[in-house]
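Below, each chain spelled out in residue letters.
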Amino acid sequence: MSRSKWLTLTALFLAAVCVMLISVRTPGAAAALAPPPDVTAPGDYVVLAWNDLGMHCYNRNFQDLAVLPPYSNLLVQVIRIDDPPQVVTAGITVTYLFTDNTYSVGKSNFWDYDQDLFGVDLPPNVGLTGKGMSGTMDLHGDHFVAEGIPLTEFRDSAPTTPYPYQVATIVVSDLGTGQELARTHPVAPVSTEMHCDNCHYDNGPGNPDIATGVVEQNILTLHDNENLGDYPPGHEGPLMGRRPILCAECHSSNALGLPGAGDVPSLSRAMHGKHKELVPDTLAGCYNCHPGPQTQCLRDAMYARGMDCIDCHGGMQAISENPNPWLNEPRCDSAGCHGAGYAQDQPLYRMSREHGGVFCEACHDSTHAIAPSTQPNDAIKFLGWQGHAGPLDTCTVCHASWPTGSGPHGRPAPTTPAFVLEPDRTSVHDPGEQVVYLHGLHNIGNVADTYNLTWSSSQGWATVAGAVVGGDPFALPGSVLLQPDQSAVLTVTVDIPASSAVRGLHDTTTITAASTVSPTLIGHVTDVTRVVWMRIYLPLVVRNW
């Protein structure tokens, strides 16, 4: 290639480099203010999910007797984020799964005895309601339910190690497109920690002179010895000869929805009445039968404040006298608890709704796990919703913007100051030019706030002025009052001196805004104006190639 061609190509390359290095960047209008990270655009969805009981216990071994089968429940409400939020039931599907608990057969022998106990021959890993370890939730009015999931306390990754606080995944999808709209991770608590073995071991204090080698058989033998002549019609004969025995065959159980037989007392009444003189009215006493010193199913905010089972339910005697156990339970709105300001609209907390028709458990979590819980897994869903543990108290999880009216239980909306000041700017100019930068100050809190505004210019070339959008101008330094969601435009004008002496210099203009509602809430925005040192103009040489 000729020397002239090389010179021409070199000149073109240098010209391109110079343009990239010292080209003028003219600032445009202020960029649109980005929404704060805790505010979601209207039209998005959030899925609230929970287990209704706070703990489900089931028998570790069904060979001899059954108190409860594997039977866990998950409930969901889907909210479209808006003002006001909308509970959504149409045009969506809701599914559940357990990523580390995909099967139950082999972790429990329930499927070996389902026919004897419940009269059904279930497919492997399918529960009494037909639900499996994953699947689609059923619409029940304003919410979705997966009832009777045959969940065990054992993960796939550790199938012999109890893990009571199993984490589910709930996914909401568009019915038409299949696009995922929202997901969350509630806990489905489950445990086999029922310590009949504390008293009913061979020749133990619960069954002296009875030693079958199996705790459950010791219990059935004792039951036969004490009650064989009183078994109701249709249920005659020793229990030991009819194993496995479902306790609710004779003793009614509201937990299972079974009526029992004859005038036999309910299972709750029989158990608490039989043991009321033997088991102390303490948390440790309750943990003899309910899960348990290892599981610690009572893990809620009230427990953290020093309360236990007896504070709400009473002692063994009181519970044995409950005429309708499971359906007649302590109420949040009783005079001795939270009072009428926290009224339940149903007899049970777990069935009640309040703010916007949302279930109480959706925001506060399950019975015995009312947030904040002592178990880390219970906090996972709250962290995903609002960045901190429960209860759900960040309005913008469901509201598109901060509400101003009263919230749950008539409480005022929380006062939350917040603002955005942006964007930073940088540009390059010649001496004698004027540069204008625009910035937005946006009150994204839910309270009116006055912002103290100051500014500085490192070269003294800048002036700054402000104006409320749709309102009056104001001077800086100074202050401006902005209502929630109101904005102001801050205009920075930089006049570069028309002198070659300023070439190579730069001016840094900084504006600082400080909230008066929360003085530690401070924001800054910076403009950097550079003056070019020189511009290189190269001739374009055209030759015959």
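Residues numbered from 1 in each chain as written. Predicted model: local features only at pLDDT ≥ 70, side-chain atom pairs only at ≥ 80, totals over all residues. Heavy atoms only, no water.

J.: Summarise the overall build of the chain; cite the residues concerned and give the values.
T.: When its secondary structure is counted, the chain shows 10 helices and 26 strands. Relative to the 2.2 N^0.38 estimate, which gives 24 Å for 545 residues, the radius of gyration of the chain is 35 Å and therefore markedly larger than a compact globule would have. A principal-axis box enclosing the C-alpha atoms of the chain has dimensions of 115 × 70 × 40 Å. Among the 545 residues that make up the chain, the fraction classed as buried is 43%. Summarising the internal contacts of the chain: among those between residues at least 6 apart in sequence, 64% fall at separations of at least 24. Working note: accessible area of the chain is about 26500 Å², and carbon and sulfur atoms make up 56% of it. (Helix = DSSP H or I, 4+ residues; strand = E, 2+ residues; numbered from the N terminus. Rg over C-alpha atoms; globule rule 2.2 N^0.38 Å. Buried < 20%, exposed > 50% of the residue type's maximum accessible area, 1.4 Å probe, protein only. Contact = heavy atoms within 4.5 Å. Areas by Shrake-Rupley, 256 points an atom, 1.4 Å probe, with all protein chains shown as cover.)

J.: Please provide a residue-by-residue account of the pairing of strand 25 (residues 506-515), values included.
T.: Within strand 25, 7 of the 10 residues are buried, which leaves it mostly tucked inside the rest of the structure. Judged from the 7 bridges that link them, strand 20 (residues 449-457) and strand 25 form a sheet pairing that is antiparallel. Of the residues in strand 25, the one forming a bridge with Leu 453 is Ala 513. Relative to strand 26 (residues 522-531), strand 25 is paired through 9 bridges, and the arrangement is antiparallel. Directly across from Thr 512, in strand 26, lies its bridge partner His 524. (Pairing = 2+ DSSP bridges.)

J.: Which residues make up the layout of surface pockets, and what values do they have?
T.: Roughly 480 Å³ of volume is contained in the second largest pocket. Taken together, 22 residues form the lining of the second largest pocket, with Asp 52, Tyr 71, Asn 73, Glu 147 and Arg 350 sitting closest to its centre. If you list the elements that add at least two residues to the lining of the second largest pocket, you get strand 4 (72-80) and strand 9 (143-149). Among the elements that make up the lining of the second largest pocket, the one with the highest residue count is strand 9 (3 residues). Class assignment of the residues belonging to the lining of the second largest pocket gives a composition of 14 nonpolar, 5 polar and 3 charged. (1 Å grid on protein atoms, 1.4 Å probe; cavity = no way out; pocket = protein on both sides within 12 Å on 5 of 7 lines; lining within 4 Å. Points joined across faces, edges and corners; volume = space filled by probe spheres on them. Nonpolar A, V, L, I, M, F, W, Y, C, P; charged D, E, K, R; others polar.)

J.: An account of the sheet that holds strand 7 (residues 135-136) is needed here, citing residue identities and associated values.
T.: In space, the 4 strands of this open sheet follow the order 7-6-13-14, with antiparallel pairing throughout. The sheet is open, and its two edges are formed by strand 7 and strand 14 (180-184), each paired on a single side. As defined by bridge partners, strand 6 (residues 92-97) adjoins strand 13 (residues 169-174) across 6 bridges and the pair is classed as antiparallel. Opposite Thr 95, over in strand 13, you have Val 171 as the bridge partner.

J.: Describe empty space enclosed by the protein, listing the residues and the values that go with them.
T.: Where empty space is left can be seen by rolling a probe of water-molecule size over the atoms. Tallying each qualifying case throughout the model produces 1 cavity of 30 Å³ or more. Put simply, the largest cavity is a space of about 60 Å³. For the largest cavity, the lining is made up of 13 residues, of which Val 187, Asp 365, Ser 366, Asp 378 and Lys 381 are closest to its centre. The class makeup of the residues in the lining of the largest cavity is 5 nonpolar, 4 polar and 4 charged.

J.: Got a sec to walk through the sheet that holds strand 24 (residues 487-495)? Specific residues and values, please.
T.: The strand order 17-19-24-21-22 describes an open sheet built from 5 strands, whose pairing is antiparallel. The two strands at the open ends of the sheet, each matched to only one other strand, are strand 17 (419-422) and strand 22 (473-475). Ignoring strand direction, the axes of neighbouring strands in this sheet form an average angle of 20°. Note: strand 19 (residues 434-443) against strand 24, 9 bridges, orientation antiparallel. Residue pairing across strands places His 439 opposite Leu 490, the latter belonging to strand 24. (Axes fitted to C-alpha atoms, helices over the stretch in contact; angles between N-to-C directions.)

J.: So what's going on with the nonpolar core? Which residues, and what values?
T.: Membership of the largest hydrophobic core comes to 33 residues, with the highest contact counts inside it found for Leu 74, Val 76, Val 78, Val 94, Phe 98, Met 137 and Ile 170. Broken down by secondary-structure element, the contributors of at least two residues to this core are strand 1 (45-50), strand 4, strand 6, helix 2 (110-118), strand 9, strand 13 and strand 15 (187-191). Per-element tally for this core: the top contributor is helix 2, with 4 residues. Apart from the residues within four sequence positions on either side, Val 94 is in contact with Val 76, Val 78, Gly 135, Thr 136, Met 137, Phe 144, Ile 170, Val 171 and Val 172. Counting 25 residues, the second largest nonpolar core, distinct from the first, contains Leu 453, Val 468, Leu 476 and Ala 513. (Core = buried A, V, L, I, M, F, W, Y, C linked by side-chain atoms within 4.5 Å.)

J.: A description of helix 3 (residues 215-227) should follow, citing residues and the corresponding values.
T.: End to end, helix 3 covers 18 Å across 13 residues, agreeing with the expected 18 Å (1.5 Å per residue, within 8%). Among the residues of helix 3, Gln 217, Asn 218, Leu 220, Thr 221, Leu 222 and Asp 224 are the ones counted as buried. In this structure, the buried residues of helix 3 make contact with strand 3 (65-66) and strand 16 (245-246). (Expected span 1.5 Å × (residues − 1).)

J.: An account of the pattern of salt bridges is needed here, citing residue identities and associated values.
T.: Taken as a whole and assessed by the stated rule, the structure comprises 12 salt bridges. The partner of Asp 64 in a salt bridge is Arg 243, with the nearest N and O atoms 2.8 Å apart. Here the residue Asp 64 occupies a position in the loop between strand 2 (56-57) and strand 3, and Arg 243 occupies one in the loop between helix 3 and strand 16, the gap between them amounting to 179 residues. Judged by relative accessible area, which is 3%, Asp 64 ranks as buried. A salt bridge links Lys 274 to Glu 226; its shortest N-O distance comes to 2.8 Å. With a gap of 48 residues between them, Lys 274 in helix 4 (residues 267-275) and Glu 226 in helix 3 connect regions that are remote in the sequence. Glu 226 gets classed as partly exposed once you look at its relative accessible area, which sits at 41%. (Salt bridge = Lys/Arg side-chain N within 4 Å of Asp/Glu carboxyl O.)

J.: So what's going on with the packing of aromatic side chains? Residues and values would help.
T.: Taken as a whole and assessed by the stated rule, the structure comprises 6 aromatic pairs. When the ring of Trp 50 is compared with that of Phe 359, the centres are 5.3 Å apart and the planes differ by 45°; the resulting orientation is tilted. With Trp 50 in strand 1 and Phe 359 in the loop between helix 8 (316-320) and helix 9 (360-364), this pair connects stretches of sequence that are 309 residues apart. Taking the centre distance of 5.3 Å and the plane angle of 85° together, the rings of Phe 382 and Trp 385 count as edge-to-face. Of the two residues, Phe 382 and Trp 385 both sit in helix 10 (residues 380-386), 3 residues apart, roughly one turn of that helix. The residues Phe 382 and Trp 385 share a single accessibility class, namely buried. Taken together, the ring pairs connect Phe 62, Phe 110, Trp 111 and Phe 118 into an aromatic cluster. The cationic tip of Lys 107 hangs over the ring face of Tyr 103; the distance from NZ or CZ to the ring centre is 4.1 Å. (Phe/Tyr/Trp six-rings, centres within 6.5 Å; stacked < 30°, edge-to-face > 60°. Lys NZ or Arg CZ within 6 Å of the ring centre and 35° of its normal.)

By themselves these figures say nothing about function.
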